[in-house]
Amino acid sequence: MTQSAFDWGESPSAAACAEQSRLTCADPAAWSADDSWRPILQQYWRSSQGQALLGALADRLGAGATIYPPEPFRALELTPLANVRAVILGQDPYHGAGQAEGLAFSVRDGVRIPPSLRNIYNEVAREFGGTPPPSGSLRAWAAQGVLLLNTCLTVEEGAPASHARMGWEALTDAIIAACSADDQPKVFFLWGAHAQAKAALVDGSRHLVLQANHPSPLSARRPPVPFIGCGHFAQANGWLTQKKQEPINWSVNFQKTVA
């Protein structure tokens, strides 16, 4: 077990891991995350499953695999546990070059907006008006307390779900459970069967759980609960307001329609 798996200080390899296009090392001490997540992360890296994951990542990097994103814990860096008001679950990062930025459904500035995110934007526009922004980065949501969490935090180039069942799910399940256990009321968005399988981790008596089909064009308009027209973003804000929480500005970067 490496010392860096326990220490949260600067790692000798941190500079080497700072490359902006892809993951370059299997050293969690070099992956930025807010301190509020430290107990969960440290417990996981001390486990045999966590160590096996690091070994598997190191093996794939050693074999020359290109792995995304460069910052696996970007969601945990931008959204501290105490700030979480909503959780949007994705599956795994985008697998194209330069796309993934470590936030579910989000892509880096300058990258073409993927179809699922375009449907998400269109639903926000349907509910609140305005024109979706040209950027597909959802950092502005993360800054408002929306935890954009993929259940698997790395992927290999051109190979969707390539790191599924490698061990990430045990960590992200613990993160979901910690969000549910936290006192602050939250909204959990579970879109599609993969996300809905995590419903058992959420205390539905204290939090709002919203479920619909995945926003992918393959399923967004299909029954039983089409994503298009689901009204989830307005429902979330109405519920947060009832719980005396600040609503989320989902259209923060949208161009407002002028009457």
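Caption draft 1: Quick peek at the environment of Q211. Note on placement: Q211 falls in strand β6 (residues 208-212). Sequence separation between Q211 and R46 is 165 residues; the distance between their C-alpha atoms is 34 Å. Those residues within four positions of Q211 in sequence are excluded, and the remaining contacts are L190, Q196, A199, V225 and H232.

Caption draft 2: Focus on the packing of helix α1 (residues 38-46) against helix α6 (residues 168-181). At a minimum axis distance of 10 Å, the contact between α1 and α6 shows a crossing angle of 150 degrees. The orientation of α1 relative to α6 falls into the category roughly antiparallel. As for the relative orientation of α1 and α6, their crossing is right-handed in sense. Contact residues: I40, L41, Y44 and W45 in α1; W168, A170, L171, A174, I175 and A178 in α6. Of the residues belonging to the contact of α1 with α6, the class tally is 10 nonpolar, no polar and no charged.

Caption draft 3: View of the confidence of the model for the chain. Summing up the model confidence of the chain, the mean pLDDT is 92 and the portion of residues at 70 or higher is 91%. Counting contacts from residues 1-15, a segment whose pLDDT is below 50, to residues more than four positions away or on other chains yields 26 contacts.

Caption draft 4: Molecular detail of the environment of T79. Assignment of secondary structure puts T79 in the loop between α3 (74-78) and β2 (86-90). Once residues within four sequence positions are removed from consideration, T79 is found in contact with W37, V84, A142, G145, V146 and L147. Polar side-chain contacts of T79 include one of 3.0 Å to the backbone oxygen of A142.

Caption draft 5: Representation of empty space enclosed by the protein in the model. As enumerated under the stated definition, the model contains 2 cavities of 30 Å³ or more in all. Counted as a void, the largest cavity has a volume near 70 Å³. Lining the largest cavity are Y121, P133, S137, L138, A140, W141, W250, V252, N253 and F254. Class assignment for the residues of the lining of the largest cavity results in 8 nonpolar, 2 polar and no charged. Approximately 40 Å³ is the volume found for the second largest cavity. Considering the residues around the second largest cavity, the lining is formed by P69, P72, P93, G102, L103, N150 and L153. Taken together, the residues of the lining of the second largest cavity sort by class into 5 nonpolar, 2 polar and no charged.

Conventions we followed
Residues numbered from 1 in each chain as written. Predicted model: local features only at pLDDT ≥ 70, side-chain atom pairs only at ≥ 80, totals over all residues. Heavy atoms only, no water. Helix = DSSP H or I, 4+ residues; strand = E, 2+ residues; numbered from the N terminus. Contact = heavy atoms within 4.5 Å. Axes fitted to C-alpha atoms, helices over the stretch in contact; angles between N-to-C directions. Parallel < 35°, antiparallel > 145°, perpendicular 65-115°, else oblique. Left-handed = near helix turned anticlockwise from the far one by under 90°. Nonpolar A, V, L, I, M, F, W, Y, C, P; charged D, E, K, R; others polar. pLDDT = per-residue confidence, 0-100. Polar contact = N/O pair within 3.5 Å; in protein donor to acceptor, adjacent residues only side chain to side chain. 1 Å grid on protein atoms, 1.4 Å probe; cavity = no way out; pocket = protein on both sides within 12 Å on 5 of 7 lines; lining within 4 Å. Points joined across faces, edges and corners; volume = space filled by probe spheres on them.

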